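Survey of secondary and tertiary structure
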Amino acid sequence: MLNNNEAYALASWIKNKKKISGENPKLYECIYWYKWRFEDKELSVSDKNSIAHILDYN
């Protein structure tokens, strides 16, 4: 499960990416960034769903 700090970092990255490129990143880009940023964490299906919800919200 994503904690608050991880969710906030991801949301901030999505907003910055959107500001720079003018469009939302794709889900696979968010997952790739998350795995890069939080190297020691393995993503579950629930984590991927959380990432998708954060992407939809932003």
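Going by the structure above, here's the rest.
Read on for an overview of the structure. (Residues numbered from 1 in each chain as written. Predicted model: local features only at pLDDT ≥ 70, side-chain atom pairs only at ≥ 80, totals over all residues. Heavy atoms only, no water.)

Considering the overall build of the protein
- When you go through the protein residue by residue, the secondary structure sums to three helices and zero strands.
- Listed N to C, the secondary structure of the protein is α-α-α in terms of helices and strands.
- Computed over the C-alpha atoms, the radius of gyration of the protein is 11 Å, within 12% of the 10 Å expected from 2.2 N^0.38 for a compact globule of 58 residues.
- The dimensions of the protein, computed from C-alpha atoms along their principal axes, are 30 × 20 × 20 Å.
- Classification of the 58 residues of the protein by burial places 33% in the buried group.
- When contacts within the protein are restricted to residue pairs at least 6 apart in sequence, those whose partners lie at least 24 apart make up 57%.
- Only carbon and sulfur atoms are counted for the fraction: they give 52% of the accessible area of the protein, which is about 4,400 Å². (Helix = DSSP H or I, 4+ residues; strand = E, 2+ residues; numbered from the N terminus. Rg over C-alpha atoms; globule rule 2.2 N^0.38 Å. Buried < 20%, exposed > 50% of the residue type's maximum accessible area, 1.4 Å probe, protein only. Contact = heavy atoms within 4.5 Å. Areas by Shrake-Rupley, 256 points an atom, 1.4 Å probe, with all protein chains shown as cover.)

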